[in-house]
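Residue-level structure breakdown
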Amino acid sequence: MVLVAGGAPPPGSRSTTPRRPVLTLKPSLLAAAAAGALPTTVADVVALRAAGGGGGGGGGGGDASPLPTPSSLPPPPLLLAGYVKASTPTGVVVGFGGPLTAYARKSRLSDAFVADPAARFPAGASVVAAVEAADAATGALTVSLRASDVWAAGAAWAAADAA
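Figured I'd write up the structure that's included with this text. (Residues numbered from 1 in each chain as written. Predicted model: local features only at pLDDT ≥ 70, side-chain atom pairs only at ≥ 80, totals over all residues. Heavy atoms only, no water.)

Examining the overall build of the protein
Which entries qualify depends on this criterion: Elements are defined by DSSP. Helices are runs of H or I of four residues or more, strands are runs of E of two residues or more, and each kind is numbered from the N terminus. For the exposure calls, accessible area comes from a 1.4 Å probe over protein chains only, and a residue counts as buried if that area is under 20% of its type's maximum, exposed if over 50%, partly exposed in between. Every residue pair with non-hydrogen atoms within 4.5 Å of one another is taken to be in contact.
For the protein, the count of helices and strands is four helices and seven strands. Order of helices (α) and strands (β) in the protein, N terminus to C terminus: β-β-α-α-β-β-β-α-β-β-α. Out of the 163 residues belonging to the protein, those deemed buried represent 36%. Contacts in the protein between residues at least 24 apart in sequence constitute 52% of all its contacts with a sequence separation of at least 6.

So, in structure tokens, the structure goes:
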């Protein structure tokens, strides 16, 4: 069992109330926690991306070597295992354990149109997200849950891991 949230509010938070603890038995988060691969800040995600961590579903996998690509192509996206914290009419908030959260816009939820994100992505559902943008200065993390993005990143990671 892994504690993925709880305790005092994060530094800089406007909230003064303590957060409720959230315990998980989700295999993907347990594996990531056991490997010490749960990023806790956007700066951690930026560092994982810079290290070429194409990552499997286990929270990063920064030790995997990236595919050799021409310099004109971006590296494969970083994959992070997480869970749906909340669904809104415009997208989904994804938690990765601890204080780290990301946002997936409605257009990045699926390869097909999603009319109601809450019906397709209920709170607590396990997801694998491909990191699209991470800005340590603003703390913004944008992800995609589209199968085409996740599978493409996973295939690139698997090919690099097999090499």
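Some remarks on the environment of A140
Following the sequence through the fold, A140 ends up in strand 7 (residues 140-144). Ignoring any residue separated from it by four or fewer positions in sequence, one finds A140 in contact with V42, A133, A134 and D135.

Quick notes on the pattern of salt bridges
The test is simple: Salt bridges, as used here, are contacts in which a Lys or Arg side-chain nitrogen is within 4 Å of a carboxyl oxygen on Asp or Glu.
Scanning the model with the defined rule gives four salt bridges in all. Note that R146 is salt-bridged to D149, the shortest N-O span being 3.2 Å. The pair R146 / D149 is uniform in exposure class, with both members buried. Connected through shared salt-bridge partners, R108, D111, E132, R146 and D149 make up one network.

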